[in-house]
Amino acid sequence: MDVKILFGILAILIVSECQEEEEIPELHPLDGYFNNLIHPDWGAVDTILLRKSPAAYADGVYTLSGQDRPNPFDISERAHRSNTPNSLGSVRGRTAMQVYFGQQVVEEIMDSQRPGCPREYENIPVPRNNTLYRNSEAFNAARDTVFMPFPRSRFDQRTGQSPSNPRQQLNEITPYLDGQLMYGPARTWTDAIREFRGGKLLSLDPSKPIRESLPAINDIRLPFANPPNPRENTRERRLLPVARFWRLGNPRAMENPFLLSFGVLWFRWHNYLADEYIRMKGIQESDLEKYDEQIFNYARKWVVASHQKIVLYDWLPRWIFTASNFTNVSPGDNSPFYPIRAPKSNDPRMPTCGPYVYNPNIHPGITAEFQTSAMRYGHTLVTPGLWRRGPKTGNNLQRGCNWFPANLRLPNPPVQQTHGLRLCNAYWNSQESVQEDLDSLYRGLASTLGEKEDHIMVEDLAGQVFGPLEFSRRDLAALNIQRARDHGLTDYQTIRETFGLPRLNSWQDINNQNNLTEKAIEALRLLYQGSGLNGTSPEKVDLFTGGLLETTDDGPGDLFRVIMVEQFCRIRDGDRFWYENLDNKIFNQTEIDRINNEITLGYILSKVTNLRVEDQRDPNGVLVSRNNADIQADPFVHRGNSDPCQQPAQLDPNVSPFEVPESNASQALFLIENCTTWQTFDYFFGMDSQISFPFTFIWLGLAVPVTIGIMLLMARQRKKKMMEARKKKARTDRSTDPNTFHVVEWVGKKEGERNVVINFDSQRKKLHVNDRRGKPLRMIDLRPKQAAPAKSIRLWNADDRAVVSVRAEGEIDLVLKFADIERKSKFSKELKNFVEGIGASYSSNNFAKAELIFNSATTKEDRQKLLDKFFRVICLQAFKDKTSKELDIENLDHETAKKIAEIQLTRTEFAEALGLKPTSVFVRNMFLLVDSDRSGFVSFREFLDFFVVLSSQDAESKIHLIFSMYDIQRRGKLSKKDFANMIKSLLDLSDSTLDSRKMEELVTSMYKAANLSYGADILFEDFKKIFASEEYAGTLQKATLNLDGVGDIGQHPVKSANTTIRAKRATIMKNYTQKGASKGKGLQRQQSVVHVTTHQQEYPKTPFAQKMYEITSYISSNRLDIFWGTLFTLVLLGIFLERAFYYSFERETGGLRRIAGYGVTVTRGAASAMMFTYCSLLITMSRNMITFFRETFLHRFFPWDSMHALHKFIAYQALFSTFVHVIGHGINLYHISTQTSGDANCYFMEYFRATHILASFHYWTYTTITGLTGVILTLIVIIMYVFATPYARRNAFNAFWNTHNLYIFLYIFMIMHGLGRLVQAPITHTYLIGPLFIFIIDKLISLSRKKIECRVVKAELLPSDVTALVFQRPTTFDYKSGQWVRIACLELGENEYHPFTISSAPHEEYLSLHIRAVGPWTYNLRNLYDPDNLEGKSSYPSVYVDGPYGEGHQDWYRYEVAVLVGGGIGVTPFASILKDIVHKSKIADLRFPCRKVYFLWVTRTQKQFEWMTDIIRDVENVDSNQFMDTHIFVTQFKEKFDLRTTMLYICERHFQKVAGKSLFTGLSAVTHFGRPNFQDFLKSVKMEHPKVRTFGVFSCGPPNMTNNLDGACTNLNKQEGATFNHHFENF
């Protein structure tokens, strides 16, 4: 087929398809814009109300007018309430149909009743004698004045700024009759009620015919007005969900059943017209969706046109004027009604519109006078209820009317039925009666007469109209008066003049047509006169009251009539889409004529209901006559007996029960019931917020101590885990020696367990307990003594476990655990053989449970408590009364004193008291010397005598004690061998040894010091020359037994014995070089040691100058930290103030500050401060970034090493901001919880809350995303900060680490916290994006390398629970000395990382770490690499490594002089640095700023870290330029036994003279006994290098050491001169 032919066919099909659809004309825009093409915003939604009269605000701008007028309640009482006992019906036959049709007209053209936001209340005080509320219990119970709430109307925010621009209120809908009533105020609303099939609106049940159909349920929750139901008496029943309503166009359609009936009427009329169009066009069922829009627009234009015609040409004429002869003319005759379409007239007393002519220069806007007063004329016609009736039967107009009663649905109703349906009890319960029988409502509306045309309003409006939850019944007349004042309307007389009417000269001129009105006017005059106002003429009368008093039987008075006619004429003539406008092409003339001649309300009712309407055709096509009609042809007017079914009586609650003819009621009934009583509501107490408010803050407050308690429990649990981790597993003993057993000793509940080796020494009759390296731990001496019987051994054996307890007289129990029962049995057998073999006695007992042995065992801890008291009593006895008070010895009870007196010290306890090894010769000799009775124990008296000698200041007695210890044979002299043995025993005490050559050198030097020939016997006098010479006399004199760990050597002059005990610890800072000593290499090093010289330091003279210098020195030392900390604080303060200012002034329109005060501004400022601080913390957590930038030039401008301190600094600010935010929000939420439901919705406009849900405190806190996340965030912050305390980090590190990882949830919930949009749009992301991006990149870097598995090549268990790990170095792993890494052990959890300093140097092939066991993980790591637990494994467990990361120690080389201080295991970072120094010293061309390094090593004993000693030795060997100066401080000696330390000190001095090295370490480094005095040391360093302006001090160790060093640096920085920059880390 030819292509052209194909395209031709296709074109024909398209054209034919298009021809099937009619051109859709332009219809009313739903928002009103561009209805007027010249003035597009005229008549648009949310445009201002027009003013015909000048604004009369009290201040000329926005303050309510009429400030000097009477209370609206008083006006309402006198002018708008009935003075007669019975209701009066409309004189002109105006029906309820006309009245409630007028209400739906109002809903179509204006809506200015929504309160402004933020709320502005001008509440009206209720007089105590007010007849509306004085019978209410709640009203009478109120102590203070009761106010009826009155929120002011919304207004254009661009107005109300000045007298030339006064406040102007808004009309939220269009003023046009454009169908918003039927289709909703916006396109989205229209779409929500459409079926989108066949052009129809959604039906509840599409299968039902139109005459019985109802709109679909509002299950999508369209925002209908949904005030509380005033009929019910409980909050739950008063507040119902909006989803119960039907989907209609009018948001207020559900207010009352009568208004709702019109909503259903228009709904049905639309669907009827859609069906009519479908039939007319013959549209098939399958094409209903295709032509849906076309059908819908057809129905819509006809509905709108029908409404326009009925409103303006049927309803309005009857509304404005109905003549007295209305009953005498035929239904089609409009002569008795207002001639609205008569030729246009501007006569103010009889204005008319004339024929329709569109005029784009006519503004259709609603006037304030019309909105606030004139159109409210209908309030006087509103009925208190409605008669209802069924289909009429028979042909008699007044017979067969079928009236039927209303079933009461009141809580506890006094009666079950009434004749009429009461309006005040039907508010917002509209669907009940509509669903029951909608047709009966239409019949009732046509038969029930409105109230009399006057100034009176029925109780259902003037006192019982619905209100908010806190004020359930309101006076609508008072509201109307106050509303006009709110809108700034001027007085009644001025507005008369504005509309061309003359001013009135007297009150009586208002209206004199009936007696009741005259009485009301007189009452009002007296009220004004009594209020000090004009009592002659109606000046300052409110428009609503004055205009309503003009009302006559015919209708509204002159003023209201002219206002209404003028308004409706402008609405019509200013509407380009009016149905009579042929130019808009919506209708042709034929259709217009049909609308004008055919469409009436009766016609519509006949089409969409089951009513038989006069002069209309019924569903069967039969014309209905008046006699058999259900309702009259004109349902707006009832002509009495001339129309069907005249109402039996005017509805009135005060009428006694009576029977109604033609009624379905079986008895006499009241006409209508009384309205339910006025109710109030307290939003805080009524919602139980008084419980949830304190409860929330109490439990949040308790969360702090509870979290602390949990933390303490976890710390205790951690200690238990540590004890478990320290428990040893007895390994299978493969030893063939029957006298040796490898077991686990249980030391005590706190001490835990340890691996030991038990050895039976039959020759020496001792039971030795050593560690697995052979180091003695304790000893049980079983040798019989001279005066004592043979010792006995008791063995306690557990039946359930491999546990035994060895008990010996005078010894603590030895509790042992074995690998199995077999090993236990073997041990028991060998122990028995050993004990009996040495002649001691043996016995055994069995216990069912091992726990009995543990609980009854005498442990070292138990014994130590008693020994502590023992030694304190010894001190007390030694120093008599001199120090008793200072020693603070508590009063001892008799039993304790007896136990102390009976204590017998074992050799082990004696050694421990001196801090020595029980197996040492020194201890043995001294024990034998003190044990004068040879009992094998040291008694109280023996130890006291010994201590008296030591505590004295007699140097000769002390030296004689030492001499006697080694003069074993009591010959009065020591041989050369005895003397050498003494030296060896002293060296043995320090775990040191000397080879024979060095020993000879030392002994020779000491012989020379005593002027003895080498090898001669040494007498006591010669011994004194060596150890008690002038050089050492003072030192020896102060040497004592320091049981309490106090005292010193060589620091201060001696004053008394008690001074010696309490002497403050200090460092021995002396030059070991003697005059005349040899000039060997070792001595040369000693000459370069820093020492104190006499130099007069110039300090500021005055206290002020000293303080200023202290401050300036501190600032100089910490200038970068201070600068950036201050800058951060200022930025934070700026962020806080900016938000606080914004919410104090720029967001005043939001209204929150008005109800919560400046608490809102504070909390918003604190919220932004929180976001800034918490997000900034991410930067301080980006370790890789910190490591990178600290190596750049930026380290000069930013303190990268202070990131940890900055992290804590920011965290404290974040915590403070959080505290302010939480407390502030508590106060704010209290205020918000006291607000009405609608007000809360206003303040939080971006937050959706259903209208039936009240916003209590617990609602905001626990059911909103903002509140709930706020609570969660508060808990997270509490948990994180409690577990971040120093105590938690020390004692529950894993808990600290895990809780600190909650930061992930912290940021997630922070983002969610703002998503609720309660106050503002979320802004967390503005603070978070940058830091989060950096942090994520940093984390990705860590993740890219942290899973690299590194093979462990060496693992060694060192003393002091130190584990040395050497493992493979990743190929890309580059680091600097002093840096650290995080490692995870695969077998302990590959995701659990812990930080440790690298102890290897950058040039080494492998990485090494020295890890001290201080927690469960490190203990588990130690156990994992314990050789006993690695048996059978081919390799060590591997590790993951994450790092390296930088810290302050790596910058040691940047300072000209660096001081490195390591304490205990804290020496590890300096191990790497020292190795690096060794390596760099071998590189000839290497240049770096550092010229001198001082290394201070503070250790309990250097034997604990032999690996460190080796490193120092390597440094000394290559340090030819004396680049490094090392000082070693051994603290163990100092703490325990100063006499022995003194002897070692003297030996050390002699050895250094000979060898130039330390006797203890073998190093050239200076060895000190005691703890360093950092301030003296640093001061001497400062003097040694006078030209250096800045010293770098780097320390790592326990907090006490680093704090003391930091204090020393701070004190020196207070003085003029160089500064000390201290960088420290704690372990």
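Refer to the structure above for everything that follows.
A quick note: this is a predicted structure, and the numbers were derived from the prediction, not measured. All residue numbers here refer to positions counted from 1 along the written sequence of the relevant chain. Totals for whole chains, interfaces and linings use every residue, but because this is a predicted model, local features are given only for residues with pLDDT of at least 70 and side-chain atom pairs only at 80 or more, for both listing and counting. Note that the side-chain values use all heavy atoms of the structure and ignore hydrogens as well as water.

### Structural notes on the state of the cysteines
And then number 1: Our working definition of a disulfide is a cysteine sulfur pair at a distance within 2.5 Å. Per the stated rule, a full pass over the model turns up three disulfides.
And then number 2: Residue pairing for C353: its cysteine sulfur links by disulfide to C569, the two sulfurs lying 1.6 Å apart. With the S-S bond torsion at -85°, the cross-link from C353 to C569 turns out left-handed. Here C569 lies in helix α16 (residues 558–573) and C353 lies in the loop between α9 (292–320) and α10 (368–372), a separation of 216 residues in the sequence. Here C353 and C569 have matching classes, each one buried.
And then number 3: Two residues, C424 and C675, share a disulfide whose sulfurs are 1.9 Å apart. Of note, the bridge from C424 to C675 carries an S-S torsion of about -105° and is left-handed in sense. Residue C424 is located in the loop between β8 (421–422) and α11 (430–447), and its partner C675 is located in the loop between α18 (601–608) and α19 (689–726); the two are separated by 251 residues in the primary sequence. As far as burial versus exposure is concerned, C424 and C675 are alike and both buried. Helix and strand definitions here come from DSSP, where helices need a minimum of 4 consecutive H or I residues and strands a minimum of 2 consecutive E residues; each element is numbered from the N-terminal end. Buried means the residue's accessible area, taken with a 1.4 Å probe over protein chains only, is under 20% of the maximum for its type, while exposed means over 50%, and partly exposed covers the values in between.

### Quick look at the sheet that holds strand β14 (residues 776–781)
And then number 1: Here, any two strands with at least 2 DSSP bridges between them count as paired. Ordered by their spatial adjacency, eight strands build an open sheet running β14-β13-β12-β11-β17-β16-β15-β18, and the pairing between neighbours is mixed. Unpaired on one side and paired on the other, β14 and β18 (841–847) mark the two borders of the sheet. Each strand of the sheet is rotated relative to its neighbour by a mean of 30°, with strand direction disregarded.
And then number 2: The sheet contact formed by strand β15 (residues 792–798) and strand β16 (residues 803–808) spans five bridges and is antiparallel. Residue pairing for β16: W796 is matched across the bridge by S805. Axis definition: a line fitted to C-alpha atoms, limited for helices to the stretch in contact. Angles are taken between N-to-C directions and run from 0 to 180 degrees.

### Concerning unusual backbone geometry
And then number 1: P118 follows C117 through a cis peptide bond whose omega is 10°.
And then number 2: Inspection of the secondary structure assignment puts P118 in the loop between α3 (96–109) and β2 (124–125).
And then number 3: Its identity as a non-glycine residue notwithstanding, D615 has a phi of 70°, on the positive side.
And then number 4: With respect to the element layout, D615 can be found in the loop between α18 and α19.
And then number 5: Residue classification places D615 among the partly exposed positions, given a relative accessible area of 44%.

### What about the sheet that holds strand β25 (residues 1362–1368)?
And then number 1: An order of β24-β25-β28 is seen for the three strands of this open sheet, with the pairing classed as antiparallel. Both outer strands of the open sheet, β24 (1352–1358) and β28 (1406–1412), are each paired with one neighbouring strand and no more. Taking the axes of each pair of neighbouring strands and ignoring which way they run, one obtains an average angle of 15° across the sheet.
And then number 2: Pairing of β24 with β25, which is carried by six bridges, proceeds in the antiparallel orientation. What sits directly across from V1352, in β25, is F1367.

### Topic: the environment of S805
And then number 1: Among the structural elements, S805 can be located in strand β16.
And then number 2: Along the primary structure S805 and N845 are separated by 40 residues, whereas in three dimensions their C-alpha atoms are 9.8 Å apart.
And then number 3: Residue contacts for S805: discarding those within four places in its chain leaves R794, L795, W796, D813, L814, V815 and I853. Residues count as neighbours in contact if any of their non-hydrogen atoms are within 4.5 Å of one another.

### Re the packing of helix α8 (residues 257–281) against α9
And then number 1: Relative to each other, α8 and α9 sit at 130°, their axes nearing to 8 Å. By the angle between their directions, the pair α8 and α9 is classed as oblique. Note on packing geometry: the crossing formed by α8 with α9 is right-handed. Facing W266, W269, H270, L273, A274, E276, Y277, I278 and M280 of α8, the residues of α9 in contact are Q294, I295, F296, Y298, A299, R300, W302, V303, S306, H307 and I310.
And then number 2: Each residue receives one of three labels: charged for Asp, Glu, Lys and Arg, nonpolar for Ala, Val, Leu, Ile, Met, Phe, Trp, Tyr, Cys and Pro, and polar for the others, Gly being one of them. Grouping the amino acids of the contact of α8 with α9 by side-chain chemistry returns 14 nonpolar, four polar and two charged. Working rule for angles: under 35 degrees goes down as roughly parallel, over 145 as roughly antiparallel, 65 to 115 as roughly perpendicular, anything else as oblique. Note on convention: near helix rotated counterclockwise from far helix by under a right angle means a left-handed crossing. Clockwise means right-handed.

### Describing the pattern of salt bridges
And then number 1: Salt bridges are identified by distance alone: a Lys or Arg side-chain nitrogen within 4 Å of an Asp or Glu carboxyl oxygen. Summed over all chains, the structure comprises 61 salt bridges.
And then number 2: Of the charged contacts, one joins D554 and R92 as a salt bridge, the two residues approaching to 2.6 Å between their closest N and O atoms. Here D554, found in the loop between α15 (543–549) and α16, pairs with R92, found in the loop between α2 (72–79) and α3; they are 462 residues apart in sequence, far enough to count as distant.
And then number 3: On the basis of relative accessibility, which here comes to 12%, the residue R92 falls in the buried class.
And then number 4: For D486, the salt bridge identified is with R483, shortest N-O distance 3.2 Å. Taken as a pair, D486 and R483 lie in helix α12 (residues 476–486) at a separation of three residues, close to a single helical turn. Here the two residues D486 and R483 agree in accessibility, since each one is buried.
And then number 5: Through salt bridges that share partners, R231, E232, R237, R388, R409, E432 and E436 make up one connected network.

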